[in-house]
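Understanding the architecture of this molecule
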Amino acid sequence: MHREPLYTPRRDLVAKYPTYQDRRVARLPTLYWSIQKEDYAKDFPVILTTGRIVEYEGGGEETRSNAWLAQLAREMYIEINPADAADRGIRNGDKVEVLSPTGAKVFVKAMVTPRVAVGESFMPFHFAGVFEGKSLGPKYPEGTEPFVIGEAANTAMTYGYDVVTQIQETKATLCQIKKA
Amino acid sequence: MRLSRKSEQVEVVEKQHLGLNRRQFLRSAGLATGGIAAASVLGMGMMRKAEAQTEFVPHDTPIEVKRTICSHCAVGCGVYAHVQDGVWTHQEPAFDHPFNAGGHCAKGASLREVGSGAKRVKYPMKLVNGKWKRISWETAINEVSERALKVRQESGPDSVYFMGSAKFSNEQAYLYRKFAAMWGTNNVDHSARICHSTTVAGVANTWGYGAQTNSINDMRNAKSMIFIGSNPTEAHPVAMQHILEGKERGAKVIVVDPRFTHTAAKCDEYIHIRSGTDIPFIYGLLWHIFDNGWQAQEFIDERVYGISRIQDACKNWTPEEVENVVGVPREQMYRTAKMLADNRPGTVVWCMGGTQHHIGNANTRAYCILQLALGNMGVVGGGTNIFRGHDNVQGATDFGLLNDTLPGYYGLKTGSWQHWCRVWDLDYDWVKGRFDQGTYLGQVPMNSTGIPCSRWHDGVLENKAELAQRDNVRMAFFWGQSVTTETRGQHVKEALEKMDTVVVVDPYPTIASILGNRTDGVYILPACTQFETYGSVSASNRSIQWRDKVIEPLFECKPDHETMYLLAQKFGFEKQLCKHIKVNGSEPLIEDITREFNRGMWTVGYTGQSPERLKMHQQNWGTFSIETLEAPGGPAKGETYGLPWPCWGTPEQKHPGTQILYRTDREVRNGGGTFRARYGVEHDGVNILAEGSYSKGSDIKDGYPEFTDKMLKQLGWWDDLTPEEKLAAEGRNWKTDLSGGIVRVAIAHGCSLMVMLKHVVSFGISQMISQCIVSRYIHRVVT
Ligand code: SF4
């Protein structure tokens, strides 16, 4: 009943706990095995998960446009374990490049913290307005650019949809992190 | 300190605020965007500049106090908003509100800023040669509707995608779903898809309704709490008030998360699991529970079906295998299982950490099974307390702002449509005629699940021949929800670029308007926030709260229901959309929308919460107990705050709402209940109706199937109906009898509308899933 994530670091468990076969869900063809069968773990060894921070809500469009909240959380970041950071020559506050198996790259600040375990990382999902290193700030209608913009975590998040409801997999994927 | 403000108090302000009157305010904000906002950030220097342009609202201008609800999460904190001369000058967390008791997190505390209009979209705009151009509302509605009608003409109604929002009020969510139905598509969805859809599916499959079973307040009564993929300290901060109160009273707190969260910092036991291994973790706990005989055997015998199969499945999850797959050592698994067994009742809380997986619905079922094995369901201090995210994601889900159901989880079958057509007083054939009449890859658009909002971009990019609809998505309304929430950002960008037209309806421009490299074909229509309109909102615990309008719409913003009406006029179905809803100018009357859904939402009991009852609760926040959510006295005496659904029957029947789902120790008329049938009443020839378990005061002991006209006749209860009710109830069941007569009589006899069923824990997941695919959510819909 357990099924390994589509992008799993544990290749040794795939045979015993495989995902579903590809199938049609709702109106769309939906991929499972054709993704899991590829080994991404070699090039993208770090587990990546996402979540909330207290200052913002959802995609953050409204809360990042609120001066009081924007003041409290100014920058997009990735949490990375001190051991992984040391292996990569990354120090707290460094700019890093997060590489996704989809080919996407996001540029964020490193928060080096034991809050995440070795081999695991975390990004908050409320940021947007920077896309693969490029600011979209000037494209906003005048006077509407949020106080805080940043890379969207979901730019780097990968394929994966629940077989019943098509919820997206945003909690278990893989990435590589490099000093930018 | 003012601990409990009453709205009738009018008081004089003690110190000057940065208050502007509305007219000056709009003018200055239009001129110097960011001036006021920057003042907040940059401090006094800039502040003086802002002042220079304007005048103050005199400090002794009378204060109007409005009661509203924070719009940043589904905890649903009460707020007193102070308004002077039309300007929102001050706010206070409501100390007498039963959810927050004066608590707020950073988001709630900053709400007043929304009323300042910083960074808001101020007027309709369109992108022309790569530049934003101001246009009038008339032009915007004309051009947007022309473009939509063109796509409809060329590619059919399913080529327009209607992204909706959990920021809608209940009334707006309901109207938007109806709006999409009148347009003729099921390509309508909102963020519930991407946060708790797997919960709704998984929980409903286990015991009937996909929602939080107890309440956040009830966590004060828990003896243990296990958080799996939930971090309320950041995501639902004010819930911590109740959680920490429970902890002070002795509850054990367990946090299961790949990350040592702020909530983990408060717990008794922190367990690190590898992302995506929730099921082995739960089965690992069950292994110890069964191994030590800690399961609640009596509860299981009476109310649970299929536990032996779970026991068999657990055998594979030995402590060694769990350690290998999940990474948790045997000793910690044992300790945690024992903690849960020794401290009952306990509650399970999960959020996105559990749901947002490609096996999310199976995760949520596993959590439910744990609670069944421990006997923690249907009791005070127990339950599955699933915290919802956005302020009205529960309500928008209930009102079917989804691609796979009509309001009230009726589904999309013909019978479901016929039910709602009767509520709408519309000819079914007319509604049917609005849809694409073709069949695509075996699917009929009116009766088949639309494209989920998690994958609208695949609807744009996928090869047309692979889609179960006529053509690709060519135009989308991003109405109150942007595209930051979709994964695979590069594909999202590409889809935004490929579509004919992108329409953003939102108080803020959102990333959907700028992510694509486009020079034309993007429209932004300015929308009001919930503080510039009024209506009801459903909190995580199913309580329905009424919001006042705090301020008039800022700039040229319009409330969403008005924008829907303006578009409906151009699409030619405004008369059908608002057949029984009064329209003032171009704004449909909110209360009439509430009354209309009251007439149709029998399945989940959204029928008893009239606008009048909800407003009465709103005016009496302080009379509800923070412990039980019930009012011991006062105008709402005996009722639960916000009449949490199910609130059975018509408003006149005065059902008090149901704080805790599935409790059999109370009469149904007093908030008790049982489980619902989703798999029929038999499985493999085995009766799965409950045995020897029934709601207090029930005239029928043991389980029973769903109430229909025939069943009332068999029971000899038919003559309890009035002649009018008989007329309406003939040939109907309790979910389709618009008179509410069947419901009234069943409850009078102490019976539950939810079928007296055992919890179904295991048919083999694959079978459950295949059933779910056929018809998600409420399986046995209208026939
Ligand atoms: S806990 Fe939720 S409802 Fe309460 S103030 Fe914070 S965001 Fe608003």
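Residues numbered from 1 in each chain as written. Chains lettered and ligands numbered in written order. Predicted model: local features only at pLDDT ≥ 70, side-chain atom pairs only at ≥ 80, totals over all residues. Heavy atoms only, no water.

Attention now goes to the nonpolar core. Residues and elements named next belong to chain B. Trp424, Phe477 and Phe707 are the most contacted members of the largest nonpolar core, which has 157 residues in total. With sequence-adjacent residues up to four places away left out, phenylalanine 477 is seen in contact with Val144, Val160, Tyr161, Phe162, Met163, Tyr176, Val503, Val505 and Leu567. With 39 residues, the next largest nonpolar core counts Ala192, Phe227, Val255 and Cys267 among its residues. (Core = buried A, V, L, I, M, F, W, Y, C linked by side-chain atoms within 4.5 Å. Buried < 20%, exposed > 50% of the residue type's maximum accessible area, 1.4 Å probe, protein only. Contact = heavy atoms within 4.5 Å.)

Moving on: the side chain of histidine 561 of chain B. All names here are of chain B. Examined against the element boundaries, histidine 561 turns out to sit in helix α23 (residues 560–571). Residue histidine 561 is classed as buried on the basis of its relative accessible area, which comes to 0%. Within the structure, the side chain of histidine 561 is placed 3.1 Å from the side chain of glutamine 172, a separation counted as a polar contact. Once residues lying within four places of it in the same chain are set aside, the contact partners of histidine 561 are Gln172, Leu175, Thr533, Glu587, Pro588 and Ile590. (Helix = DSSP H or I, 4+ residues; strand = E, 2+ residues; numbered from the N terminus. Polar contact = N/O pair within 3.5 Å; in protein donor to acceptor, adjacent residues only side chain to side chain.)

Looking now at the site of the ligand. The local shell around the ligand consists of Cys70, His72, Cys73, Gly76, Cys77, His104, Cys105, Lys107, Gly108, Pro237 and Val238 of chain B. Of the residues contributing to the shell around the ligand, the split by class is six nonpolar, four polar and one charged. (Near = heavy atom within 4 Å. Nonpolar A, V, L, I, M, F, W, Y, C, P; charged D, E, K, R; others polar.)

All right, on to the interface of chain B and chain A then. Tallying the contact residues gives 106 residues for chain B and 85 residues for chain A. With both sides pooled, the region where chain B packs onto chain A buries about 7,800 Å², and carbon together with sulfur makes up 58% of that total. It is Arg259, His358 and Arg455 of chain B in chain B that bury the most area against chain A; as a group they hold 11% of the surface buried on that side. Taken together, the connections running from chain B to chain A amount to six salt bridges. A salt bridge links arginine 24 of chain A to glutamate 466 of chain B; its shortest N-O distance comes to 3.5 Å. Counting every contact that joins chain B to chain A gives 54 residue pairs in polar contact (both at pLDDT 80 or more). (Buried area = accessible area lost by both parts, 1.4 Å probe. Salt bridge = Lys/Arg side-chain N within 4 Å of Asp/Glu carboxyl O.)

All names here are of chain B. In terms of strand pairing, strand β4 (residues 125–128) meets strand β5 (residues 131–134) through four bridges, oriented antiparallel. Residue pairing in the sheet places lysine 126 in a bridge with lysine 133 of β5. When β4 meets strand β15 (residues 522–526), the two strands line up antiparallel, connected through two bridges. Residue methionine 125 lies in a different strand from β15, and its bridge partner there is isoleucine 524. (Pairing = 2+ DSSP bridges.)

Looking now at the sheet that holds strand β9 (residues 252–256) of chain B. Residue and element names in this part refer to chain B. Read from one edge of the open sheet, four strands run β10-β9-β8-β12, paired in parallel fashion. One side of each edge strand has no neighbouring strand; the edge strands of this open sheet are β10 (269–271) and β12 (346–350). Strand-to-strand twist in this sheet, taken as the mean axis angle between neighbours without regard to direction, amounts to 15°. Bridging between strand β8 (residues 224–228) and β9 involves five bridges; their strand directions are parallel. Bridging from a neighbouring strand, phenylalanine 227 pairs with valine 255 of β9. Together, β8, β9 and β10 form the strand contacts of helix α11 (residues 278–291), whose direction differs from that of β8 by roughly 155°. Seen against the sheet, helix α17 (residues 360–374) touches β8 and β12 and runs at an angle of roughly 175° to β12. (Axes fitted to C-alpha atoms, helices over the stretch in contact; angles between N-to-C directions.)

Just geometry here; none of it tells us what the structure is for.
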